[in-house]
Amino acid sequence: MRLDADAGRLTVVRAASADYDSVMAILREAADWLSARGIHQWYHWYMDAGEWVLRERLEHHEVYMFRRENSPVGTLTIQWSDPEVWGERGIDGQAGYIHGMAIARSAAGMRVGERMLEWAIATIAARDLPFARLDAMASNAPLCRYYEQRGFVPLGTALLPGNFTTRLFERELLPSS
């Protein structure tokens, strides 16, 4: 699949375990960028727990890479359940869950993230599910606003391990037909 963004044409590929290093490099670059801005939500990508999370996602969920001219410039994961963050609602069969969306700094400001998010929403909608769901660190106001501006409605918060408070967002999807 191909997407057009201000950064050029993007190719979407499903990541496999062999892509671990490429995906992790994008996640860590995003973690560094966030940390430089005083947002420490992704420090876990440098810990054993983060390495385990990525391996788990590659094995049990759908991790995607977005490439520009064969170079990875973005990644995200789609899960079809998410009881860890969403509790009972996370196993209601009504949504796809978007996690770990990150863009390489070389593609920043070129609508890559927006196009990736649109693609993920369309992928979830193609399964005839009524909702796309995601979460964001509650204290990351710019990111929360970004999701709200793209039609995601805040549904409260969840407390995750390590006293990490995340805001829950849901977007209603139009039925495909």
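Residues numbered from 1 in each chain as written. Predicted model: local features only at pLDDT ≥ 70, side-chain atom pairs only at ≥ 80, totals over all residues. Heavy atoms only, no water.

Chemist: Teacher, can you tell me more about the overall build of the protein here?
Modeler: The helix and strand tally for the protein stands at 5 helices and 8 strands. For the protein, whose C-alpha radius of gyration is 15 Å, the value lies close to the compact-globule estimate of 16 Å for 177 residues. Taken along the three principal axes of its C-alpha coordinates, the protein extends 45 × 40 × 30 Å. A sequence separation of at least 24 residues applies to 60% of the contacts in the protein between residues at least 6 apart. As displayed, the protein has an accessible area near 9,200 Å², and 50% of this comes from carbon and sulfur atoms. Charge centroids of the protein, computed over 19 positive and 23 negative side chains, lie 6 Å from each other. (Helix = DSSP H or I, 4+ residues; strand = E, 2+ residues; numbered from the N terminus. Rg over C-alpha atoms; globule rule 2.2 N^0.38 Å. Contact = heavy atoms within 4.5 Å. Areas by Shrake-Rupley, 256 points an atom, 1.4 Å probe, with all protein chains shown as cover. Lys, Arg positive; Asp, Glu negative; His and termini not counted. Charge placed at Lys NZ, Arg CZ, Asp CG, Glu CD.)

Chemist: Even after reading the chapter, I still don't get the pattern of salt bridges, so can you show me in this structure?
Modeler: Pairs may arise between side chains of opposite charge once their charged atoms sit close together. Within this structure, the stated rule accounts for 9 salt bridges. For Glu 114, the salt bridge goes to Arg 111, with nearest N and O atoms at 3.3 Å. Residue Arg 111 is classed as partly exposed on the basis of its relative accessible area, which comes to 37%. A salt bridge links Glu 170 to Arg 133, with the shortest nitrogen-to-oxygen separation between them at 2.7 Å. (Salt bridge = Lys/Arg side-chain N within 4 Å of Asp/Glu carboxyl O. Buried < 20%, exposed > 50% of the residue type's maximum accessible area, 1.4 Å probe, protein only.)

Chemist: In this structure, what is going on with the environment of Trp 80? I would like to understand it.
Modeler: Along the chain, Trp 80 turns up in the loop between strand S4 (71-79) and helix H3 (83-86). Linking Trp 80 and Glu 62, residues 18 residues apart in sequence, is a C-alpha distance of 8.9 Å. In contact with Trp 80, other than residues within four places in its own chain, are Glu 62, Ala 95, Gly 96, Tyr 97, Thr 123, Ile 124, Arg 127 and Leu 129. Only 2.9 Å separates the side chain of Trp 80 from the side chain of Glu 62, close enough to count as a polar contact. (Polar contact = N/O pair within 3.5 Å; in protein donor to acceptor, adjacent residues only side chain to side chain.)

Chemist: What is the right way to read the packing of helix H1 (residues 20-36) against helix H2 (residues 48-60) from this model?
Modeler: The geometry of a pair of packed helices is captured by two quantities: the angle between their axes and the separation between those axes. One can describe the packing of H1 onto H2 by two numbers: an axis separation of 11 Å at closest approach and a directional angle of 130 degrees. Our classification of the angle between H1 and H2 gives oblique. Note that H1 runs across H2; the crossing there is right-handed. Listed contacts from H2 to Tyr 20, Val 23, Met 24, Leu 27 and Arg 28 of H1 are Gly 50, Glu 51, Leu 54, Arg 55 and Leu 58. Looking at the contact of H1 with H2 residue by residue, the class counts come to 6 nonpolar, 1 polar and 3 charged. (Axes fitted to C-alpha atoms, helices over the stretch in contact; angles between N-to-C directions. Parallel < 35°, antiparallel > 145°, perpendicular 65-115°, else oblique. Left-handed = near helix turned anticlockwise from the far one by under 90°. Nonpolar A, V, L, I, M, F, W, Y, C, P; charged D, E, K, R; others polar.)

Chemist: What am I meant to see in the side chain of Glu 170 here?
Modeler: Positionally, Glu 170 belongs in strand S8 (residues 164-172). Contact partners of Glu 170, with chain neighbours within four places excluded, come to Phe 131, Ala 132, Arg 133, Gly 151, Phe 152, Val 153 and Leu 155.

Honestly, that's just the spatial picture; any functional story needs more than this.
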